[in-house]
Amino acid sequence: MKPLPANAFLCLVAPVMLGGQVVPRETLALVEQHCLDCHDEDVRKGDLDLSIPDSKLADGKARDLWAKVFDRVDKGEMPPPGKAKGFGEGERKRLVQGLWEPLWVSDRKDVLENGRGPVRRLTREEFEDNLRDLLLLPNLDIRDKLPADRESHGFTKISGMLDVSRVQLAGWLDAAETALREALATGVEPLPVQKMRFTGTDLFQGLTTFGGREAMFFARENVMVPDPTEVLKTLSPEERRVGALEAAIFRSATWPYFGYPRGFRAKYGGEYKVRFEARAVRQVPDFRLVPAYEPQAISFRARQPSGPDVSGDVRETGGWMDLLPEPKVFNTTILLKAGETFEYSLLGLPVPFIRTDSGFYYDFPPMPPEGHRGAAIRWLEIEGPVRPESWPPPSHKVLFGDLPLCPPPKGSQFPVGVVSKDPEGDSVRLFKAFASRMAREDVPEGSLEVFTKMILGKLQAGEPLVDTLVHGYQAFLCSGHVVYLKEPRGDGGMDLASRLSFLLWNSTPDAQLRKLAQPGESLKGETLAREIARLVADEKFERFVQNFTGQWLELKQLRRDTPDGRLYPEYRKDDYLVDSMEKETHAFFSEMVRGNLPVTTLVDAGFTYVNDRLARHYDLPRKEGSGMRKVKLPGWSPYGGLLTQASILKLTANGTTTSPVLRGVWVMEKILGELPPAPPTTVPAIEPDIRGATTIRSQLAKHTEVESCANCHKRFDPVGFALENFDVMGSWRDRYRGLDLGEKITGYDPAGHPYAYFVGHAVEPSGKLMDGREFKDIRELKKLLASNPRKLAKNFLHQLALYATGTRVRISDRPVIESILDQCEPDGYRVADLLHALVQSPVFLGVQPQ
């Protein structure tokens, strides 16, 4: 053993204090003997230096360092097997026991004095949802006015990363002003309502669209009419009204496309009611229409009117509806901004290919044997913006109560004024009511006075009452009373109610939860359990499902990459498939919580949720319609559980190739809770060979000949290999695709263009886990992973605790987590049970200061 560095701790000379506890000399001797050869200031393997002169864990970084040592030794990872002579299980046990108590005592002391984590601000999603609920504006859209929140491993709710800057404050001010403007009445009277009915050629802005007549034409009595304008002249008023001339569409809405009703543009932003009659059809030779074999999904896309160059945002609105072979009237509500129109969006149909080989034109796909799928629209009505049941709207009353409306006074920045006999008295009264609603606890009189003085000063300077109060409201919405979430104190008060509500609803507590958090009430025990169940049953729980899966599973990255059209032509512009993937995972996870399913369902389940497109993607029996429904998976299916859902398999690929490394790391971190260290900067990354000359397994085998690489790769590569039977979009494959070598495969993509790729090496999905257990494919791997439900449950609790509290599970939290696991073990670690137990534990409830 080489001599100790000059600044190393000398365990035989001076005792080391960890959190006020003396570390046993024997423990320090073990560290000195078996660790410093690799982890001193000269070698620093794994970027870890244990030769520090002061080992008092007074700050979090030092404590985290020794916690890392504790974990690696406790798991048997360090010292590496065979590397440290004379270090056996007895030495490992003594080292772990010697470090545990001072670590726990130090961390517990810090928690009691300072809380589990720092106060954190709201994320931009929370800020938006909070104002949606408080201002009664369910469609408020202010998220993009705020700077993006920093992330760590997908999570944005981490307290230490939610910093505040001038940029953040400017974003809050801008977003708050936008929200308050939208909450205000738009005038003394409601906005005028637009009512329009479209039939015949008015159903489309042109007589054709990209792709020619095959992509869109007008039909009467199921036959295409060459000149629809002449046909219109022959129709009676009643024939026009009922839609004797139909608009038939046979393509999905994507760029380039501008298929919307002729002449409509929303004068005002808001919700618009849409009624239309349509049917699902097939286009057969000679441009004839016959009933479809199956339903055809349709939605609408809001957008600015333009030509093929789409400007501004294009977003789906109105939900998915299934057209049937027989004509049916549909009703939906769409959300439009001022100046926008809406286009027909048929889901899952091909998109014409842009050809430039002999001029510039849009080539529609050849007709399949059953004909082109599509829709025939007979008539459409739109009415809006939808008026609230009373005027002024409820959102305005949040700001100005029952003060009568009047035209805006001279100099006002807003479209309406209010009548007040006592402006100063009303301004103070209204502001205090607003502050009481927006803040999640009582605001001290001194804090209120800061705002009321500003408001009264503006009033005395001649500013209109509406302008004055809106500016005061804006300032308050950007204050700490609104934008910060505090650590609960273990007393079941409003801080706990807020933490619970922001966990499950991403927003502020409602009236019932607020009431239970008041002094004299008890948000504990059975009452707390009932509130958890109530919040989970509410429709706003879907916010939790979307946000938690978006962060924990990183599902928000689902649309990051598009499939390479050379290798995967069958997925060209298939937005319907990608959207269906996301809906499947949301529905699956929601069922896990609401159905209180065992945590092993994460990796192995006998069911999933599919619609027509996903059923086809998974080679399951055909389903009709776009709605997601729970289906039992046949025994032969490799699917079931998160690992094999198309959404997960897509977001862990890059659109061109799959990588066992990326997929394996994702499973280890997100499902098993084993975060791998960062790869060495001196070793280049593996780039899969898309030519087909070599297999990814052979490339990785050569790559991991480097010892520093092999130590990590043997943890996650085997899991990734088991997922190699799934391509970049999660469809089953037995062989890899390439562009040069192998057996040539030819065909036509959904747009009708020929393709050619090559299939070569067979997938090798077998592997061996770190503990020596072997598997031959994904089915066997899922069973191995499910055989350790406690590990799955423990990771789920860690992920949930970070999302719920903004702070990772700390050293002093670990006994609490183990206690929860013991409590939930008899029933198989069910997901809702884990959620309830965590929320009712000190990790979530907070610790009462001593």
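For the structure itself, look to the data block above.
Throughout what follows, the structure given in this document is the object of discussion.

1. Details of the packing of aromatic side chains
Now for step 1: Within the structure shown, the criterion is met by 39 aromatic pairs.
Now for step 2: Between Phe264 and Phe342, the ring centres sit 5.7 Å apart and the planes meet at 70 degrees, which makes this aromatic pair edge-to-face. Of the two residues, Phe264 sits in the loop between β7 (245–249) and β8 (270–284) while Phe342 sits in strand β13 (residues 341–346), which places them 78 residues apart along the sequence. The residues Phe264 and Phe342 share a single accessibility class, namely buried.
Now for step 3: Summarising the aromatic geometry, the rings of Phe726 and Trp732 are spaced 5.3 Å apart at their centres and angled 90 degrees between planes, so their arrangement reads as edge-to-face.
Now for step 4: We classify Trp732 as partly exposed; its relative accessible area is 29%.

2. Topic: the sheet that holds strand β22 (residues 735–738)
Now for step 1: Judged by pairing direction, the sheet is antiparallel, and its three strands sit side by side in the order β22-β24-β23 without closing on themselves. Sheet topology places β22 and β23 (743–748) at the edges, where each strand pairs with a single neighbour. The mean angle between the axes of side-by-side strands here comes to 40 degrees, regardless of whether they run parallel or antiparallel.
Now for step 2: As defined by bridge partners, β23 adjoins strand β24 (residues 754–762) across six bridges and the pair is classed as antiparallel. Considered in β24, the bridge of Lys744 is made with Phe758.

3. Here we look at the nonpolar core
Now for step 1: The biggest cluster of nonpolar side chains holds 102 residues, and the ones touching the most others in it are Leu503, Leu504, Phe544, Trp552 and Ile671.
Now for step 2: Here Trp552 is in contact with Phe155, Phe589, Leu602, Leu642, Lys670, Ile671, Asn795, Phe796 and Gln799, once residues within four sequence places are set aside.
Now for step 3: Ala179, Ala183, Leu430 and Leu477 belong to the second-largest nonpolar core, a separate cluster that totals 48 residues.

4. Observations regarding the packing of helix α9 (residues 423–438) against helix α10 (residues 445–460)
Now for step 1: One can describe the packing of α9 onto α10 by two numbers: an axis separation of 10 Å at closest approach and a directional angle of 140 degrees. Taken as axis vectors, α9 and α10 run oblique relative to one another. Handedness of the crossing formed by α9 with α10: right-handed. Packed against α9, whose contacting residues are Pro423, Glu424, Ser427, Val428, Phe431, Lys432 and Ala435, the element α10 presents Glu445, Leu448, Phe451, Thr452, Ile455, Leu456, Leu459 and Gln460 at the interface.

5. Concerning the sheet that holds strand β11 (residues 315–323)
Now for step 1: Reading across from one edge, β11-β10-β13 is the order of the three strands in this open sheet, with antiparallel pairing throughout. Two strands bound the open sheet, and with one partner strand each, they are β11 and β13. Strand-to-strand twist of the sheet, defined as the mean angle between neighbouring strand axes without regard to direction, takes the value 20 degrees.
Now for step 2: With six bridges joining them, strand β10 (residues 296–303) and β13 adopt antiparallel strand pairing. In the sheet register, Ile298 faces β13, and the bridge partner there is Leu346.
Now for step 3: Contacts from helix α17 (residues 575–594) reach β10 and β11, with the element oriented near 90 degrees to β11.

6. Section: the pattern of salt bridges
Now for step 1: With the rule as written, the count across this model stands at 63 salt bridges.
Now for step 2: Linking Glu383 and Lys195 is a salt bridge whose minimum nitrogen-to-oxygen distance equals 4.0 Å. Linking Glu383 in strand β16 (residues 372–384) with Lys195 in strand β4 (residues 194–199), this pair joins segments that are 188 residues apart in sequence.
Now for step 3: Residue Lys195 is classed as exposed on the basis of its relative accessible area of 63%.
Now for step 4: We note a salt bridge from Glu294 to Arg622, for which the minimum N-O separation is 2.5 Å.

Parameters at a glance
- Residues numbered from 1 in each chain as written.
- Predicted model: local features only at pLDDT ≥ 70, side-chain atom pairs only at ≥ 80, totals over all residues.
- Heavy atoms only, no water.
- Phe/Tyr/Trp six-rings, centres within 6.5 Å; stacked < 30°, edge-to-face > 60°.
- Helix = DSSP H or I, 4+ residues; strand = E, 2+ residues; numbered from the N terminus.
- Buried < 20%, exposed > 50% of the residue type's maximum accessible area, 1.4 Å probe, protein only.
- Pairing = 2+ DSSP bridges.
- Axes fitted to C-alpha atoms, helices over the stretch in contact; angles between N-to-C directions.
- Core = buried A, V, L, I, M, F, W, Y, C linked by side-chain atoms within 4.5 Å.
- Contact = heavy atoms within 4.5 Å.
- Parallel < 35°, antiparallel > 145°, perpendicular 65-115°, else oblique.
- Left-handed = near helix turned anticlockwise from the far one by under 90°.
- Salt bridge = Lys/Arg side-chain N within 4 Å of Asp/Glu carboxyl O.

Function cannot be read off these values alone, since they describe shape.
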